[in-house]
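# Observations on chain architecture
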There are 2 protein chains.
Amino acid sequence: MKKSIAVDMDGVLADVETHFLNWYNEKNAAHLQRRDIKGKTEAEAFPKPGIVREYASTKGFFSSVPLMPNAVEGLKILNEHFDVFIVSAAMEFPQSLVEKRDWLEMHFPFIHWQQIVFCGSKRVISTDFMIDDHPKNLNPFKGTGLLFEAFHNVDIPHNNRVKSWQEILQYFKLSSS
Amino acid sequence: MKKSIAVDMDGVLADVETHFLNWYNEKNAAHLQRRDIKGKTEAEAFPKPGIVREYASTKGFFSSVPLMPNAVEGLKILNEHFDVFIVSAAMEFPQSLVEKRDWLEMHFPFIHWQQIVFCGSKRVISTDFMIDDHPKNLNPFKGTGLLFEAFHNVDIPHNNRVKSWQEILQYFKLSSS
């Protein structure tokens, strides 16, 4: 029987970091770059109260988010060797639910709707592995967690840090060729 | 620490049986009643190919579904004694996602968005208890399953069958008064 993996969307499949930066810079005539937000929390990185919630609540935000590099190819390979579930804490933003499902269907047509989970808290999820950029999701997880690097977690120690989809495949000893 | 319970929506909180019957009768000038469909599968109960999928895909179907008797009072009590998650296999019908979230917010305002899970397969859900009307969801479940009676499961044997929200509260030795 295949081992199971819960794969996060934002910060793992979807490049919300780039998307937030672009939105923030455009709306605020700012010039924030990746290096400016590294090691900061979301609230510190985007110093306008409620701005992250505001963008995430905007119609079209999640349907237009760019892909993380090599996410499509990487997930395809993972999906051949594991029982994959895409698990996104999407419930806070109701309008994101359909946008996120459509976005997955567009970019990852090999993912069946039975493999998608939108939740509030990930405490209820039980799989063998979980790939996520938020330690708060990995900490209560009983399986093996992989922390996907993001600006907000670079200074948080973790045994299984992965910085790219290539590193995910390497971790599982899977080849991308 | 509180024990956790996954509570299904359709057939447990939402009276889809009545809703389907009403829609079916109205659209087909039929006079199906509860006793006519008892012990049948969905496909046998509504003998028009694809009709269940068609209704479930109709805009407004899930936002207008009536409540199961005593579901609000029962869930409120359960929510005080357990770590409750509302778990619905909603992913098959994208338009249902927002309707179901709004419906929960309207009828069960004491349920936080962090307690809601919309999934495809429930295999990924890990709680101490699960209340569901579909044996296919309870069979792979590792905790204790309670089968909520529905027309399609009356002939399927189950050790923990509950026929109402009163019986759920009785099972957990909780009083509704």
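Residues numbered from 1 in each chain as written. Chains lettered and ligands numbered in written order. Predicted model: local features only at pLDDT ≥ 70, side-chain atom pairs only at ≥ 80, totals over all residues. Heavy atoms only, no water.

## Overview of the overall build of chain A
Along its length, chain A carries eight helices and six strands. Each helix and strand of chain A, placed in order from N terminus to C terminus, yields the pattern β-α-α-α-α-α-β-α-β-β-α-β-β-α. Taking the principal axes of its C-alpha atoms as reference, chain A extends roughly 50 × 35 × 35 Å. Counting across all 177 residues of chain A, residues that qualify as buried make up 51%. A separation of at least 24 residues holds for 66% of the contacts in chain A among residues at least 6 apart in sequence. As displayed, chain A offers around 8,500 Å² of accessible surface, 50% of which is attributable to carbon and sulfur atoms. Side-chain charges in chain A split into 20 positive and 22 negative, and the spacing between the mean points of these groups amounts to 2 Å. (Helix = DSSP H or I, 4+ residues; strand = E, 2+ residues; numbered from the N terminus. Buried < 20%, exposed > 50% of the residue type's maximum accessible area, 1.4 Å probe, protein only. Contact = heavy atoms within 4.5 Å. Areas by Shrake-Rupley, 256 points an atom, 1.4 Å probe, with all protein chains shown as cover. Lys, Arg positive; Asp, Glu negative; His and termini not counted. Charge placed at Lys NZ, Arg CZ, Asp CG, Glu CD.)

## A closer look at the sheet that holds strand E1 (residues 4–7) of chain B
Read across the sheet, 12 strands follow the order E6(A)-E5(A)-E4(A)-E1(A)-E2(A)-E3(A)-E3(B)-E2(B)-E1(B)-E4(B)-E5(B)-E6(B) without closing on themselves; strand pairing throughout is mixed. Pairing within the sheet leaves two strands with one partner each, and these edge strands are strand E6 (161–162) of chain A together with strand E6 (161–162) of chain B. Sheet topology note: the strand E5 (residues 144–148) of chain B/E6 of chain B ladder contains two bridges and is parallel. Among the inter-strand pairings, Phe148 of chain B is bridged to a residue of E6 of chain B, identified as Val162 of chain B. Across the sheet, helix H5 (residues 71–81) of chain A is in contact with strand E1 (4–7), strand E2 (83–88) and strand E4 (129–132) of chain A; its angle to E2 of chain A comes to roughly 130°. On top of the sheet, helix H6 (residues 96–107) of chain A reaches E2 and strand E3 (116–119) of chain A together with strand E3 (116–119) of chain B; it is set at about 160° to E3 of chain A, its chief contact. (Pairing = 2+ DSSP bridges. Axes fitted to C-alpha atoms, helices over the stretch in contact; angles between N-to-C directions.)

## Here's the deal with the nonpolar core
Of all hydrophobic cores here, the largest spans 100 residues; its most connected members are Val7, Leu13 and Leu78 of chain A together with Val7, Leu13 and Leu78 of chain B. Contact partners of Val7 of chain B, with chain neighbours within four places excluded, come to Val12, Leu13, Leu75, Leu78, Val84, Phe85, Ile86, Val87, Ile131 and Trp165 of chain B. If you look at the next biggest cluster of nonpolar residues, it comprises 22 residues, including Val117 and Val124 of chain A together with Phe85 and Val87 of chain B. (Core = buried A, V, L, I, M, F, W, Y, C linked by side-chain atoms within 4.5 Å.)

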